[in-house]
Amino acid sequence: MSQARLSVSQCTTAEGVHVITLAGAIDHTTAGAFHQALTLPADSAPHAVIDFHDVTFMDSSGINVLVAANNAVRARGGALRLAAAPTRVLELLRIVGLDALLPLHPTLQDALAPTSAA
């Protein structure tokens, strides 16, 4: 799925972890696609990793989507992890305090490591 300036790809690992890979900008024009990507099927495992490696920009619209997704995943007993956030995105996550709520991993592989992924 893609929209204007944000492309989203998804897969599920053998362990049942949803991996959402983003590329482009997350703002008010692309927040809907971001939200849709983070809405996990009700019958699936509630664990997800978001790969921010190719995200070029994120504003408060993306923060709002992350908070809602984290609340939904946690309500189902799952975990949401963030991977490979570029410096600009990482700074925003720290400014708003999401680094205290969501595990931030330097790489996708780190976020998917057995001690983190379930």
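The structure presented is a predicted model; accordingly, all values stated were derived computationally and were not measured.

A. Representation of the pattern of salt bridges in the model. Scanning all chains against the criterion turns up 1 salt bridge. Arg5 is the salt-bridge partner of Asp27, the closest N and O atoms lying 2.6 Å from each other. On the criterion of sequence distance, the pair formed by Asp27 in the loop between strand S3 (18–26) and helix H1 (31–37) and Arg5 in the loop between strand S1 (2–3) and strand S2 (6–12) is long-range, its members being 22 residues apart.

B. Representation of the environment of Pro41. Residue placement: Pro41 occurs in the loop between H1 and strand S4 (48–58). With a relative accessible area of 41%, Pro41 lands in the partly exposed category.

C. Expanded view of the nonpolar core. Within the largest apolar cluster, 29 residues are counted, with the highest numbers of intra-cluster contacts made by Leu22, Phe34, Ile50, Phe52, Met58, Leu66 and Leu93. For this core, the secondary structure elements donating two or more residues are S2, S3, H1, S4, helix H2 (60–75), strand S5 (80–83) and helix H3 (87–95). Not counting residues up to four positions away in its chain, the partners in contact with Leu66 are Phe34, Leu38, Ile50, Phe52, Met58, Leu80, Leu82, Leu93 and Leu98. Within the second largest apolar cluster, 6 residues are counted, among which are Val17, Val49, Ala83 and Ala111.

D. Molecular detail of the environment of Ala113. Looking at the element boundaries, Ala113 is found in the segment after helix H4 (108–112). Separated by 31 residues in sequence, Ala113 and Leu82 place their C-alpha atoms 13 Å apart.

E. Representation of the pairing of S2 within the structure. Taken together, the 7 bridges between S2 and S3 define a ladder with antiparallel strand orientation. Each bridged residue has a counterpart across the sheet, and for Val8 the counterpart in S3 is Leu22. Linking two consecutive strands that pair antiparallel, namely S2 and S3, is a turn of 5 residues; a positive phi of about 90° is found at Gly16 within it.

F. Up close: the pairing of S5. Burial along S5 is two-sided: the face carrying Leu80 and Leu82 and the face carrying Arg81 and Ala83 are both buried. Pairing analysis gives 2 bridges linking S5 to strand S6 (residues 104–105), with the strands arranged parallel. For Leu82, the partnering residue across the bridge sits in S6 and is Leu104. Chirality of the crossover, the property in question, places the unit of S5, H3 and S6 among those that are right-handed.

G. The arrangement of the packing of aromatic side chains in detail. Tallied over the full model, the rule gives 1 aromatic pair. When the centroid spacing of 6.4 Å and the interplanar angle of 75° are considered together, the rings of Phe34 and Phe52 count as edge-to-face. Taken together, the residues Phe34 in helix H1 and Phe52 in strand S4 connect sequence positions 18 residues apart. There is no split in this pair, since Phe34 and Phe52 are both buried.

Rules behind the numbers
- Residues numbered from 1 in each chain as written.
- Predicted model: local features only at pLDDT ≥ 70, side-chain atom pairs only at ≥ 80, totals over all residues.
- Heavy atoms only, no water.
- Salt bridge = Lys/Arg side-chain N within 4 Å of Asp/Glu carboxyl O.
- Helix = DSSP H or I, 4+ residues; strand = E, 2+ residues; numbered from the N terminus.
- Buried < 20%, exposed > 50% of the residue type's maximum accessible area, 1.4 Å probe, protein only.
- Core = buried A, V, L, I, M, F, W, Y, C linked by side-chain atoms within 4.5 Å.
- Contact = heavy atoms within 4.5 Å.
- Pairing = 2+ DSSP bridges.
- Right-handed = clockwise from strand over helix to strand, strands pointing away.
- Phe/Tyr/Trp six-rings, centres within 6.5 Å; stacked < 30°, edge-to-face > 60°.

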